[in-house]
Amino acid sequence: MIRVGILGATGYAGQELVRLLLQHKEAEIVWYGSKSYIDQKFSDVFGNMFRIVDNICMGEDMDRLAAECDVIFTATPQGYCASLINEEILSKVKVIDLSADFRLKDVSIYEEWYKLTHPCPQFIEEAVYGLCEINRDKIKDCRLLANPGCYTTCSITTLYPLVKAGLIDPDTIIIDAKSGTSGAGRGAKLPNLFCEVNENIKAYGVATHRHTPEIEEQLGYACGKNVTLTFTPHLVPMQRGILVTSYAKLMPGVTSEDIKAAYEAAYKDEYFVRLLPEGTCPETKWVEGSNYVDIGFKLDKRTNRIIAMGALDNLVKGAAGQAVQNMNIMFGLSEQEGLRLVPMYP
């Protein structure tokens, strides 16, 4: 059995890790780490775990975790995981970080967008960006994995094949993204209160959202040059889900058949990527509670643009599910283990 420790187990992503790993045949959670709920029963924090999890929440002792676990998931705020990582820890245990601490290869970009001084930039180059369907071969043997965020996973998965095949002009990309409120985490914040969110939709982080350079960096790898794009996220009054609608100018002569061929070449064998028929628009309800990404597209011949759309559950494929999928790859297991979840409907 894979011995698992979770730091930040009482956040939304941490609790989702618990839910998924309890269904995993090859994993056992041995450490429920939480700064806020030390010595309290996990099921007292999350009532859905009553008579399912009897464990007590413990602190975040990284040295003990490294000695007792095979893998540590860190579902913690930006900067926290990086403050704990050192060579001794990584020599003993694999680390899957759900924050942004090791996603960006240029430390100056990280520090500019996150307004933090990186505590251990020496490990940035080693860290593998854990977008499973794109970096699978690199993930297999890594010891420090940067689990992508929800907006980035949906945006990159939707656009990567088109950029890589040279079918669109990457500098014309505009991404309009919408997220449920769980993407903001479990902490009490005034903008996320029910009365603020209900019956409302709003843009935020306009031209400044921290996921922008992450999307640009990964799409830049696809086309072999720097990419500059526009990314605008919106908060919508639902609990779960990401919907991305992307626009880009098509290169001369590109047809629907070319687009289909690019998507098929990239994802035809990918269990968790579902390619919808042309013209079918993905919906968050179709992926809720699952590790699937649904992708659809429509060509606008009048403007010579593509509208590429993606949908996923921000807590599953956008966070905990992808983290478990990465763990499965790292330990040589079936990627589907613990993740064969049929989407919930309605």
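For the structure itself, look to the data block above.
Here goes a summary of the coordinates provided. (Residues numbered from 1 in each chain as written. Predicted model: local features only at pLDDT ≥ 70, side-chain atom pairs only at ≥ 80, totals over all residues. Heavy atoms only, no water.)

### With respect to the nonpolar core
Alright, step 1. Judged by nonpolar contacts, the single largest core of 42 residues is most densely connected at L21 and F73.
Alright, step 2. For this core, the elements supplying multiple residues, two or more each, are strand 1 (2-7), helix 1 (12-21), strand 2 (27-33), helix 2 (42-45), strand 3 (71-74), helix 7 (132-139) and helix 12 (316-330).
Alright, step 3. A per-element tally of this core places helix 12 first, with 8 residues.
Alright, step 4. Discounting chain neighbours no more than four positions away, the residues touching F73 are V4, G5, I6, L7, L17, L21, I96, L98, A323, V324 and M327.
Alright, step 5. Formed by 38 residues, the second largest nonpolar core is a distinct cluster that contains L229, F231, F297 and L299. (Core = buried A, V, L, I, M, F, W, Y, C linked by side-chain atoms within 4.5 Å. Buried < 20%, exposed > 50% of the residue type's maximum accessible area, 1.4 Å probe, protein only. Helix = DSSP H or I, 4+ residues; strand = E, 2+ residues; numbered from the N terminus. Contact = heavy atoms within 4.5 Å.)

### Regarding the layout of surface pockets
Alright, step 1. Considering only enclosed or pocket space, the largest pocket measures out at about 1,400 Å³ in volume.
Alright, step 2. For the largest pocket, the lining is made up of 48 residues, of which Q78, G183, A184, G185 and K189 are closest to its centre.
Alright, step 3. Those elements giving two or more residues to the lining of the largest pocket turn out to be helix 1, helix 8 (150-164) and helix 12.
Alright, step 4. The element that contributes the greatest number of residues to the lining of the largest pocket is helix 1, accounting for 3 residues.
Alright, step 5. Partitioning the lining of the largest pocket into residue classes produces 18 nonpolar, 23 polar and 7 charged.
Alright, step 6. As a volume, the second largest pocket reaches approximately 500 Å³.
Alright, step 7. Elements with a minimum of two residues in the lining of the second largest pocket: helix 1 and helix 9 (194-197).
Alright, step 8. With 4 residues, helix 1 is the largest single contributor of residues to the lining of the second largest pocket.
Alright, step 9. Class assignment for the residues of the lining of the second largest pocket results in 9 nonpolar, 9 polar and 5 charged. (1 Å grid on protein atoms, 1.4 Å probe; cavity = no way out; pocket = protein on both sides within 12 Å on 5 of 7 lines; lining within 4 Å. Points joined across faces, edges and corners; volume = space filled by probe spheres on them. Nonpolar A, V, L, I, M, F, W, Y, C, P; charged D, E, K, R; others polar.)

### Quick word on the side chain of T74
Alright, step 1. Of note, T74 is situated in strand 3.
Alright, step 2. Judged by its relative accessible area of 0%, T74 falls in the buried class.
Alright, step 3. If sequence neighbours within four positions are ignored, T74 has contacts with L7, C81, V95, I96, D97, L98 and S99.

### Some words on the packing of aromatic side chains
Alright, step 1. Applying the stated rule across the entire model yields 8 aromatic pairs.
Alright, step 2. Where F42 meets F46, the ring centres are 5.5 Å apart and the plane angle is 40°; that geometry is what we call tilted. Like F46, F42 is buried.
Alright, step 3. On the basis of an interplanar angle of 90° and a centroid distance of 4.9 Å, the ring pair of Y271 and F272 is categorised as edge-to-face.
Alright, step 4. Given a relative accessible area of 2%, F272 falls into the buried group.
Alright, step 5. By the ring-pair criterion, three or more aromatic residues cluster together here, those being Y32, F42 and F46.
Alright, step 6. The ring of F331 has K94 sitting right over it, with the charged end atom 6.0 Å from the ring centre.
Alright, step 7. Positioned above the aromatic ring of Y292 is the side chain of R274, whose terminal nitrogen or guanidinium carbon lies 4.4 Å from the ring centre. (Phe/Tyr/Trp six-rings, centres within 6.5 Å; stacked < 30°, edge-to-face > 60°. Lys NZ or Arg CZ within 6 Å of the ring centre and 35° of its normal.)

Spatial relationships are all this shows, so hold off on functional conclusions.
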